[in-house]
Amino acid sequence: MKYEREALASLLKILERIYDQMSRGEVPEIDIATRTKYNIEFDENSEVWVYGDRTSTRSAKTVRGAYMLLRMAYVIGFLKEQLKANKSSTLRELYYISENWGLAKFDEQAESDRLIEDLEILTSFQREHFRIRPEEDGATVIGPLRIRENTRRGVREIHCQEDVGEGGYQIPVNVDNIEFVDHDADFVIAVETGGMRDRLVENGFDEKFRAIIVHLKGQPARSTRRLLKRLNAELNLPVVVFTDGDPWSYRIYASVAYGSIKAAHLSEYLATPSAKFVGIRPSDIVKYDLPSDKLTDKDIQALKAILTDPRFDTEFWKNEINLQLELGKKSEQQALAKYGLDYVTDVYLPERLTELGVLK
């Protein structure tokens, strides 16, 4: 509740600033960090990527800027009433609520989503503090971890191996409501696909290697990234990320380890800088003679974009990306099944994790 009160006060200061500008006869405007890869920089202290000094101005001098400021005022008013009523809403609901706002109505959800991100940047609070949540993402965790969770019916303890089904414990929207009670894990493995998560669970990977398996479910939700951050920072558990071998999967890894570009203002809260990549590498396509698909034009464009992304400015990534462009191929995690259903858990992952120093 403390954070929510502070978040509300910070939101109202935005409106006070606009009001003061108008009272002085000035055209209202707001400066906000530019959200591009050209405006992120590495912070040595927190070891994450954050926004730099570049800003863009949203001004009522333009029709587009005026609409943005009008919508911001309506959204802040809505959030104020929501917090006072102790209610919450989803990003999707916020978009539909604007149907009643006349000129301030959003034309598409991407606009309302982006405005919430703007408010996060301007206030330095997370949308969870505004009581705004995403749609249910369904990401799960399974492994030797006992947690204590605050629920509507009180506090309950859950063991993420013994007290859950095969799918695991579903990660809640606000991970900070979870308390870690104890664990018997040596590391955390974040897995991109449900199929590979199921393979690891069926093969008993979590039990044999004392691993906490987190299903990313594609591009991970903020709650999933927050959980990984907390497991690493609070329990001192190494985090590894296991993905397919394509540009979109490399970006999944980047969002976990480096922080995403559009949420760089939350990198210290969400990113796990020490996370290691154990996913399918382009060099694995050659080394393991993996079944593969031809790169599409979009894949090629994305790979070239990664080469200009400062988060990937390392010898490892440059060599792997250039090799992939040369090969013209991509491959999936489950291509390892070419060597049998146990190969990934008995050979590939143990070898890669030992190579990275995660397994001794």
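Please refer to the structure higher up on the page.
First, a word on scope: everything that follows refers to the structure included in this document. Note that the coordinates shown come from a computational prediction; the quantities given were computed from them, not determined experimentally.

Re the packing of helix α11 (residues 297–307) against helix α12 (residues 315–327)
At their nearest, the axes of α11 and α12 sit 10 Å apart, and the two run at 155 degrees to each other. As far as their axial angle goes, α12 and α11 are roughly antiparallel. Judged by the twist between their axes, the crossing of α11 over α12 is left-handed. Residue-level contacts link Ile300, Leu303, Lys304, Ile306 and Leu307 of α11 to Lys318, Ile321, Asn322, Gln324 and Leu325 of α12.

Description of unusual backbone geometry
With glycine set apart, most residues show a phi of negative sign, and most peptide bonds adopt trans. Unlike most non-glycine residues, Ser124 shows phi in positive territory, near 65 degrees. With phi around 50 degrees, Arg210 is a residue other than glycine that occupies positive phi space. Among the structural elements, Arg210 can be located in the loop between α6 (205–208) and β13 (211–215).

Section: the side chain of Arg225
Along the chain, Arg225 falls in helix α7 (residues 222–235). Among all residues touching Arg225, those that are not within four sequence positions of it are Pro220, Ser255, Val256, Ser260 and Leu270.

A short note on the packing of aromatic side chains
Centre-to-centre distance and the angle between the planes together describe a pair of aromatic rings. Inspection of the entire model under this criterion finds 18 aromatic pairs. With centroids separated by 5.4 Å and ring planes inclined at 35 degrees, the aromatic side chains of Tyr74 and Trp101 adopt a geometry described as tilted. In this pair, Tyr74 is assigned in helix α2 (residues 63–84) and Trp101 in the loop between α3 (91–97) and α4 (109–123), connecting sequence segments 27 residues apart. With relative accessibility at 11%, the residue Trp101 sits in the buried group. Between Tyr250 and Phe277, the ring centres sit 6.0 Å apart and the planes meet at 80 degrees, which makes this aromatic pair edge-to-face. Separated by 27 residues along the polypeptide, Tyr250 in helix α8 (residues 247–257) and Phe277 in strand β15 (residues 276–277) bring together distant segments of the chain. Both residues of the pair, Tyr250 and Phe277, belong to the buried class. Lying over the aromatic face of Phe180, Arg230 brings its terminal NZ or CZ to 4.5 Å of the ring centre.

The rules behind the values
Residues numbered from 1 in each chain as written. Predicted model: local features only at pLDDT ≥ 70, side-chain atom pairs only at ≥ 80, totals over all residues. Heavy atoms only, no water. Axes fitted to C-alpha atoms, helices over the stretch in contact; angles between N-to-C directions. Helix = DSSP H or I, 4+ residues; strand = E, 2+ residues; numbered from the N terminus. Parallel < 35°, antiparallel > 145°, perpendicular 65-115°, else oblique. Left-handed = near helix turned anticlockwise from the far one by under 90°. Contact = heavy atoms within 4.5 Å. Phe/Tyr/Trp six-rings, centres within 6.5 Å; stacked < 30°, edge-to-face > 60°. Buried < 20%, exposed > 50% of the residue type's maximum accessible area, 1.4 Å probe, protein only. Lys NZ or Arg CZ within 6 Å of the ring centre and 35° of its normal.

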